[in-house]
Amino acid sequence: MAKLGFPFTLGVASGEPSADGVILWTRLAVEPLHASKTGGMPNQAFSVKWELAEDAAFSRIVQSGAAPAQPDWAHSVHVRVSGLRAWTEYFYRFSVDGHTSPVGRTKTAPGPDSTEPIRIGVISCQRYEHGFFTVLKHLAAERPDVIFHLGDYVYEYGKPANPQPGRYLRPLESTEECKTLAAYRRRYARYQLDKDLQAAHAAAPWIAMPDDHEVRDNYAGLLPGDGSSQAAFVKRRNAAYKAYYEHLPLRVRPVGNNLQFYRWRPYGKVADFLFVDARQYRSGRNMLGTEQQEWLTTRLTASTARWKVLAQPLFFAPRKFPLEPPSADAWDGFPDSRAKVLAAATGDLVVLSGDVHNAWAAELGNGVEFVTSSVTSRPPSTDGSATLALNPHLKYFDGRRGYLMVTASMTDFTVDYRAVAFVDQPGAPVVTAAGFRVLNNKLQRTDL
Ligand SMILES: [Fe+2]
């Protein structure tokens, strides 16, 4: 067999940290955007060697092994490492056919009795054609303990016939909207060739929750949202979920028509992170589906952690606009589901969300919400000041692209809103636009 070209073109990643393990990820793709052959790879399985070390120079390797990269899974590699020490930094790399991957840094979660503070980066909405991933580059440089991605990791759209100014800054690999497995795979490859995205993956373990654009705009459960055939949509959704799995360090694979995204990640005595799926189980007025809603109620009620953190894509607090009606696609369209969540939370609830492409903060009565802006996706034309004036429980608005840097400890929950002034060219510096501390379910500015 001819020697393989360099196959680690899409970088490396890790995710789903537990106190004793983590998932390591890569994907072999010698020509990631190849038009007909997935990743430009031969139609055969490869055995990929992996190594995990205590140091970036790999002088203290603690585990190693081999994992399969199969054509049916786009030659993606998911290694389930266990037996690690809690709350410990590790470095990992892969090799195959004489090629070695870049090195990634990861960190396990703290053990059940830990009171160590946790630093979390929070991001959402990275539309490739809308600009440069400068936000991800700055986030990577902070080397947080863990990164939460709250949806719209890719956008399914093709190139518009007449793009508006500033809305097609970087060319996609195709002019077509993604509908097939091959198309979604090439879309992920287009994104993951970006060096800033690769840096963010290599900097810290990720826990990711998709929103709608990983499949299709505003889909709900098994309904496409545009009145087209349900059977065709289920096929499309399955292709989209499979591609999502193939490109992210997830712990579980899709099974049948499902990919379980909702999950609990405990971080010692400090925080219980509850990742909530706001799309897959929607029906009627029910956003989460009966099973997930019961799971969430049980988890919220049983949690003894200092902070109960709900990580999910959609704007949670009620929000009136000066001109338009409230968003029917977010929690405002599902008031019964929202009321159930708030009733199960007994205080010290923190909701982390994204989706709206601007930064917000809100008080919820027995909790608070921090909404991260987009990485690049263009915001709607929102009158921030007028909306704040209409909604006294909303405490903050910022219209720049950015991310959240969260620190959770036994005494404090603080959030810094990082922002960049532009993404239409690379190189924007990062600033801290605002800082907040949570005090008895209220928000207090730390930067004024
Ligand atoms: Fe978005």
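Residues numbered from 1 in each chain as written. Predicted model: local features only at pLDDT ≥ 70, side-chain atom pairs only at ≥ 80, totals over all residues. Heavy atoms only, no water.

**Observations concerning the coordination of the iron ion**
- Only C125 (SG), D152 (OD), Y155 (OH) and H357 (NE2) from the protein reach the iron ion as donors, at distances of 2.1 to 2.5 Å.
- All donors to the iron ion come from one chain, and their sequence spacing reads C-x26-D-x2-Y-x201-H. Placement of the pair is C125 in the loop between β9 (118-123) and α1 (134-142) and Y155 in the loop between β10 (146-149) and α2 (181-192), with a sequence separation of 30 residues. (Donors = N, O, S within 2.8 Å, 3.2 Å for Na, K, Ca; no water. Helix = DSSP H or I, 4+ residues; strand = E, 2+ residues; numbered from the N terminus.)

**Some thoughts on helix α5 (residues 290-302)**
- The end-to-end C-alpha distance of α5, which contains 13 residues, comes to 18 Å, matching closely the 18 Å that a straight helix rising 1.5 Å per residue would cover.
- Of the positions making up α5, those classed as buried are Q292, Q293, W295, L296 and L300. The arc enclosing the buried residues of α5, seen along the axis, measures out at 160 degrees, which places them on a common side. Away from its buried face, by an angle of more than 90 degrees, α5 presents the exposed residues T290, E291, E294, T298, T301 and A302.
- Those residues of α5 that are buried lie in contact with β12 (263-267), β13 (271-275), β14 (307-311), α6 (335-344) and β15 (349-353). (Expected span 1.5 Å × (residues − 1). Buried < 20%, exposed > 50% of the residue type's maximum accessible area, 1.4 Å probe, protein only. Arc of directions from axis to C-beta. Contact = heavy atoms within 4.5 Å.)

**Focus: the sheet that holds strand β18 (residues 394-398)**
- An order of β12-β13-β14-β15-β17-β16-β18 is seen for the seven strands of this open sheet, with the pairing classed as mixed. At either end of the open sheet lies a strand with only one pairing partner, and these are β12 and β18. Direction aside, the axes of adjacent strands within the sheet are offset by 15 degrees on average.
- As paired elements, β14 and β15 share four bridges and run parallel to each other. Among the inter-strand pairings, L310 is bridged to a residue of β15, identified as V351.
- Contacts between α5 and the sheet are confined to β12, β13, β14 and β15, with β13 contributing the most and set at about 175 degrees to the helix. (Pairing = 2+ DSSP bridges. Axes fitted to C-alpha atoms, helices over the stretch in contact; angles between N-to-C directions.)

**Comments concerning the packing of aromatic side chains**
- For the structure on display, the rule yields 26 aromatic pairs.
- With a centroid separation of 5.5 Å and an interplanar angle of 75 degrees, the aromatic rings of W73 and Y245 are classed as edge-to-face. Here W73 is found in the loop between β4 (61-69) and β5 (76-81), whereas its partner Y245 is found in helix α4 (residues 230-247), with 172 residues between them in sequence.
- Here W73 falls in the buried class, since its relative accessible area comes to 15%.
- Its relative accessible area of 5% is what places Y245 among the buried residues.
- What links up through ring pairs into an aromatic cluster is the set W307, F370, Y396, F413, Y417 and F436.
- A cation sits over an aromatic face here: R253 above W73, 4.2 Å from the ring centre. (Phe/Tyr/Trp six-rings, centres within 6.5 Å; stacked < 30°, edge-to-face > 60°. Lys NZ or Arg CZ within 6 Å of the ring centre and 35° of its normal.)

**What about the nonpolar core?**
- With 79 residues, the main nonpolar core has F148, F370, F413 and Y417 as its most contacted residues.
- Take this core: its biggest share by element is seven residues, from α4.
- In this structure, L296, L300, L314 and V351 belong to the second largest nonpolar core, which totals 28 residues. (Core = buried A, V, L, I, M, F, W, Y, C linked by side-chain atoms within 4.5 Å.)

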